[in-house]
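Listed here are the chains, written in short residue letters.
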Amino acid sequence: MNIIKQFPPIILIAIFLSSCRTSINEENPIKNLDKNFNKISNPEKKRMEIKFSCGEDGISKYLDDGWNILKEDSQEKICTWKSVPATKDCNMEKDKGCKITKPDRIGEEKIYLLEK
């Protein structure tokens, strides 16, 4: 009977010690990963993404400043919107509910990924 009373505290101590041991073992690989990450990164390279929409073009300013184009992409984009009446009898100034907004001019958006 005396052995049965001592059994639960022994189990609790064993669980506590085994859980502490696993947390200590997990800390070391994390520190090693941080050191390796700092060696791999190159602080001299700078990257930026620039977008020009609807006929704007300012990329030559960046190219003259020493930036190189890594990737160029273009997408269709709505440049301006216009409001039109929903029906012939609609007065857009008096009745705001009959006004429909739709695209007026569709242009192109250019996206550049630059590196210096």
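Residues numbered from 1 in each chain as written. Predicted model: local features only at pLDDT ≥ 70, side-chain atom pairs only at ≥ 80, totals over all residues. Heavy atoms only, no water.

This paragraph deals with the side chain of glutamate 115. You can see glutamate 115 is positioned in strand S3 (residues 99-115). By relative accessible area, which is 17% here, glutamate 115 ends up buried. Of the polar contacts made by the side chain of glutamate 115, one reaches the side chain of arginine 47; its length is 3.3 Å. (Helix = DSSP H or I, 4+ residues; strand = E, 2+ residues; numbered from the N terminus. Buried < 20%, exposed > 50% of the residue type's maximum accessible area, 1.4 Å probe, protein only. Polar contact = N/O pair within 3.5 Å; in protein donor to acceptor, adjacent residues only side chain to side chain.)

Here we come to the state of the cysteines. Applying the stated criterion across every chain yields a total of two disulfides. Covalently, cysteine 54 is tied to cysteine 79 through a disulfide, its sulfur atoms 1.8 Å apart. Between cysteine 54 and cysteine 79, the disulfide has an S-S torsion of -105° and is therefore left-handed. Of this pair, cysteine 54 sits in the loop between strand S1 (47-53) and helix H2 (59-64) while cysteine 79 sits in strand S2 (residues 68-85), and the two are 25 residues apart along the sequence. There is a disulfide in this structure between cysteine 90 and cysteine 98, and the S-S distance comes to 1.5 Å. Given an S-S torsion of about 65°, the disulfide between cysteine 90 and cysteine 98 has right-handed geometry. (Disulfide = S-S within 2.5 Å.)

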